[in-house]
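# Residue-level structural notes
Chain residues, written in single-letter form:
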Amino acid sequence: MSSSGGAGADAPASRTSGGGEAVDALEWKFSQAFGERAAGEQVQEVDIISAIEFDKTGEHLATGDRGGRVVLFEKTDAKELRVRQELERSDFASPRYPEYRYSTEFQSHEPEFDYLKSLEIEEKINKIRWCHTANGARFLLSTNDKTIKLWKVSEKKLKKVNELNLEPSIRFGNGSLTEGSILSSPKACSLRNSLLDQDALAFNDEGFLFPPDGISSLRLPRVSSIKVTPFARSRRVYANAHAYHINSISNNSDGETFISADDLRINLWNMEITNQSFNIVDIKPSNMEDLIEVITSAEFHPFHCNLLAYSSSKGTIRLVDLRQSALCDSHSKLFEEQEVPGSRSFCTEIIASISDIKFARGGRYILSRDYMTLKLWDVNMEASPVLTFKVHEYLRPKLCDLYENDSIFDKFECCLSGDGLRVATGSYNNLFCVFGVSPGSDESALLEASKTPNRRLLQTSIKSGRFVNFGRGRRDNRRGNETQGIEMNGGTHDFTSKLLHLAWHPAANLIACAASNSLYMYYA
């Protein structure tokens, strides 16, 4: 099966989607970089990005790092970033892809210590989720291992008092004179000139004495706004509800509730209530020796407020319905791919663990990422995924080495485009992969998180599985060619340079990804 990459690859002119419309193969280009480190620069542990999230409009982007900080970026018109002379010299239109600029940052979490368990709680931001806006203010949830916080980000006007009568450089006793003493009348100018003459001033023990004739004209102080700046304030703190580390938070479509998940439990919160949550999923056995799996990720359905999905370390995804019972121990659907006979090994259970799941915008499909593969599931078909992308198949002979250096436990995230036609996930060597999922598409690209993303192109397809007709929701039983994966980066692997976190703009073909402490953006 052939593949198509970015610039320099012979990409097919177009693809055909399920609805019969042509889907062009994308050519990815570098857009922006924030916090790019210089050659040889040492990266501080606290500066490494640990979470990325676009809001639903795509107007704002948030990142969290291991130091507990949340950094916000806002979309800006390209014309605002270019001076008038550049625009006059330009003979081309402004770029149509979104561009962002730094907005503000704040300290979301601080390191804490649990004295009952003698456990240090890191300040690292695990997840960020944007909430509904209200009265022009934006809200977002951020969490570390134990505590979730709701933040309100609003614009604050910085004000200044000006147009006073006296000069700021002249001091009288313990007081000072401020700026704005330029008055239009001759008497006022005479007064100002006399005040500037130090010998003409009279003092007593309390300070300045007004002239015997008085001041004929006084200008009242005026308050004016000189700058509008974003300001973040903590509104709610949801704590003391998880005995294990929080790995997921997800907003409900009703705008009033959200869930938080740890290794063994999922709790349902009301936005307005901080001291109480409802435990809706509990897989903790009575005897911990009987524990066979843990929860790895959880996500609400995009518009059905009663449905949510959660994944486990055994490679399964469960869909639960909150209308069935208060405690959702029994699932509505179980998505699980049967193990191939004879393929079991020492690392089978480890690499089967799902690190991230995402619903497609329409809610029909679920994207999951485990260590080796990226899978697309149809919620109406539980037996097997409709598409499987072998991202790390080339690492299968090295699994024992990966276990020894703990790289096999790395948790890679995944994301879908807003139109549902493409998916993306990260890999090692600061690489990330983009795949087309429309029927008949063999689009695939391997890009590097740098200013030259197309240095390494995907020359061999790493896709296999069954295609699904997105337009009609009907399975197409054509089989893709089975491949054994490829050796990325010429066979050399840097397991310390890994791209774990990335997010797709909800309305445009723009991907934001984190490589260590740097944020890169690419458009197509």
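Since we're looking at a predicted model, the values are computed, not measured. (Residues numbered from 1 in each chain as written. Predicted model: local features only at pLDDT ≥ 70, side-chain atom pairs only at ≥ 80, totals over all residues. Heavy atoms only, no water.)

### So, a nonpolar patch on the surface
In plain terms, the rule: Here, patches come from residues exposed beyond 30% relative accessible area and free of salt bridges, joined within 9 Å for like charges and within 5 Å for nonpolar side chains (Val, Leu, Ile, Met, Phe, Trp, Tyr). Per-residue accessibility takes into account occlusion by the displayed protein chains alone, with areas from the Shrake-Rupley method and a 1.4 Å probe. Any Lys or Arg side-chain nitrogen located within 4 Å of an Asp or Glu carboxyl oxygen qualifies as a salt bridge. Note on conventions: DSSP H or I runs of at least 4 residues are helices, E runs of at least 2 residues are strands, and numbering of each starts at the N terminus. Relative accessibility thresholds used throughout: buried, under 20% of the residue-type maximum; exposed, over 50%; partly exposed, between the two (1.4 Å probe, protein chains only).
Nonpolar side chains collect at one region of the surface, where F346, Y403 and F409 lie side by side and expose about 320 Å² of accessible area between them. Note on placement: Y403 falls in helix α4 (residues 399-404). When its relative accessible area of 32% is taken as the criterion, Y403 is described as partly exposed.

### A word on the pairing of strand β32 (residues 431-436)
In plain terms, the rule: Strand pairing requires that DSSP identify at least two bridges connecting the strands.
Extensive coverage of β32 is indicated by the burial of six of its six residues. Both faces of β32 are covered, namely the face carrying L431, C433 and F435 and the face carrying F432, V434 and G436. In the sheet, strand β31 (residues 422-426) pairs with β32 via five bridges, with the strands oriented antiparallel. Bridging from a neighbouring strand, A424 pairs with V434 of β32. Linking two consecutive strands that pair antiparallel, namely β31 and β32, is a turn of four residues; a positive phi of about 60° is found at N429 within it. Across five bridges, β32 lies against strand β33 (residues 444-448) in antiparallel orientation.

### Notes on the environment of N162
Within the element layout of this structure, N162 appears in strand β12 (residues 148-162). What makes N162 buried here is its relative accessible area of 16%. For the pair N162 and P221, spaced 59 residues apart in sequence, the C-alpha to C-alpha distance is 5.9 Å.

### What to know about the side chain of N144
Condition: In protein, a polar contact means a hydrogen-donor-capable atom and an acceptor-capable atom, both N or O and within 3.5 Å, with residues adjacent in sequence counting only if both atoms are side-chain atoms; elsewhere, any N or O pair within 3.5 Å suffices. Should any heavy atoms of two residues lie within 4.5 Å, those residues are considered in contact.
Relative to the helices and strands, N144 resides in the loop between β11 (138-143) and β12. At 3.1 Å, the side chain of N144 and the backbone nitrogen of K146 are in polar contact. With near-sequence residues (within four places) excluded, N144 lies in contact with H109, I121, E122, E123, K124, N126 and I246.

### Some points on the sheet that holds β11
Put simply, the test is: Orientation is described by axes fitted as lines to C-alpha atoms, over the contacting stretch for helices, and by angles from 0 to 180 degrees between their N-to-C directions.
Ordered by their spatial adjacency, four strands build an open sheet running β10-β11-β12-β17, and the pairing between neighbours is antiparallel. Each end of this open sheet is capped by a strand with a single partner; those strands are β10 (127-130) and β17 (222-238). Ignoring which end each strand starts from, the neighbouring axes of this sheet average 30° apart. Sheet analysis places β12 next to β17, joined by 15 bridges and oriented antiparallel. Bridge assignment links L158 to a residue of β17, and that residue is K227.

### Observations concerning the pattern of salt bridges
Scanning the model with the defined rule gives 20 salt bridges in all. Between K127 and E413 there is a salt bridge, and its shortest N-O distance comes to 3.3 Å. Highlighted residues: K127 in strand β10 and E413 in the loop between α4 and β30 (414-416), separated in sequence by 286 residues. Here K127 and E413 have matching classes, each one buried. Here R422 ties to E443 by a salt bridge, and the two come within 3.2 Å at their closest N and O atoms. Taken together, the residues span a long stretch of sequence, with R422 in strand β31 and E443 in the loop between β32 and β33 at a distance of 21 residues. In this structure, R422 and E443 share a single accessibility class: buried. Because the salt bridges share partners, they merge into one network encompassing D47, D65 and R69.

### Looking at the environment of V153
Secondary-structure assignment places V153 in strand β12. Along the chain, V153 and A137 lie 16 residues apart, while their C-alpha atoms are 5.7 Å from each other. In contact with V153, other than residues within four places in its own chain, are L72, F106, A137, R138, P230, F231 and A232.

### Overview of the sheet that holds strand β37 (residues 501-504)
Taken together, four strands build an open sheet; the order of strands is β3-β39-β38-β37 and the sheet is antiparallel. Strands at the two margins of the open sheet, each flanked by one partner only, are β3 (29-34) and β37. Across the sheet, the mean angle from the axis of one strand to that of its neighbour is 20°, orientation sign disregarded. Here four bridges tie β37 to strand β38 (residues 510-515), and the two strands are oriented antiparallel to one another. The partner of L502 across the bridge, within β38, is C513.

### What about the nonpolar core?
Here is the rule we go by: Here, the term nonpolar core denotes a set of buried Ala, Val, Leu, Ile, Met, Phe, Trp, Tyr and Cys residues that are joined through side-chain atoms within 4.5 Å.
Of all hydrophobic cores here, the largest spans 18 residues; its most connected members are L367, L374, L376, F389, V423 and F435. Contributing elements (two or more residues each) for this core: β27 (365-370), β28 (373-378), β29 (387-390), β30 and β32. Ranked by residues supplied to this core, first place goes to β32 with three residues. Grouped together as the second largest cluster of nonpolar side chains are 17 residues, F432, V434, A445 and L502 included.

### What about the packing of aromatic side chains?
For clarity, the threshold we go by: In summary, the pairing rule links any two rings of Phe, Tyr or Trp, Trp by its six-membered ring, whose centres are within 6.5 Å, and it sorts them by plane angle into stacked for under 30 degrees, edge-to-face for over 60 and tilted for everything else. Sitting over a ring, as applied to charges here, requires NZ of Lys or CZ of Arg to be within 6 Å of the ring centre and within 35 degrees of the ring normal.
Going through the model one piece at a time under the given rule, you end up with 20 aromatic pairs. Both rings, one in Y238 and one in F258, keep their centres 5.1 Å apart while their planes meet at 75°; by these two values the pair is edge-to-face. Note that Y238 is positioned in strand β17 and F258 in strand β19 (residues 257-261), a separation of 20 residues in sequence. Centre to centre, the rings of F432 and Y522 are 5.5 Å apart; their planes meet at 40°, and the pair counts as tilted. Pair noted here: F432 is in strand β32 and Y522 is in strand β39 (residues 518-523), with a separation of 90 residues, a long-range link. With respect to burial, F432 and Y522 carry one shared label: buried. Taken together, the ring pairs connect F30, F432, Y520 and Y522 into an aromatic cluster. Sitting over the face of the ring of F231, K156 holds its NZ or CZ atom 5.0 Å from the ring centroid.

### Remarks on unusual backbone geometry
A positive phi angle, close to 55°, is found at N135, a residue other than glycine. Along the polypeptide, N135 turns up in the loop between β10 and β11.

### Description of the confidence of the model for the chain
For the record, the criterion: Here pLDDT means the predictor's own confidence in every residue, given as a number from 0 to 100.
Per-residue confidence for the chain gives a mean pLDDT of 80; residues scoring 70 or more make up 74%. Note that residues 194-201 has pLDDT below 50 and, in this model, 11 contacts with residues that lie over four places away or in other chains.

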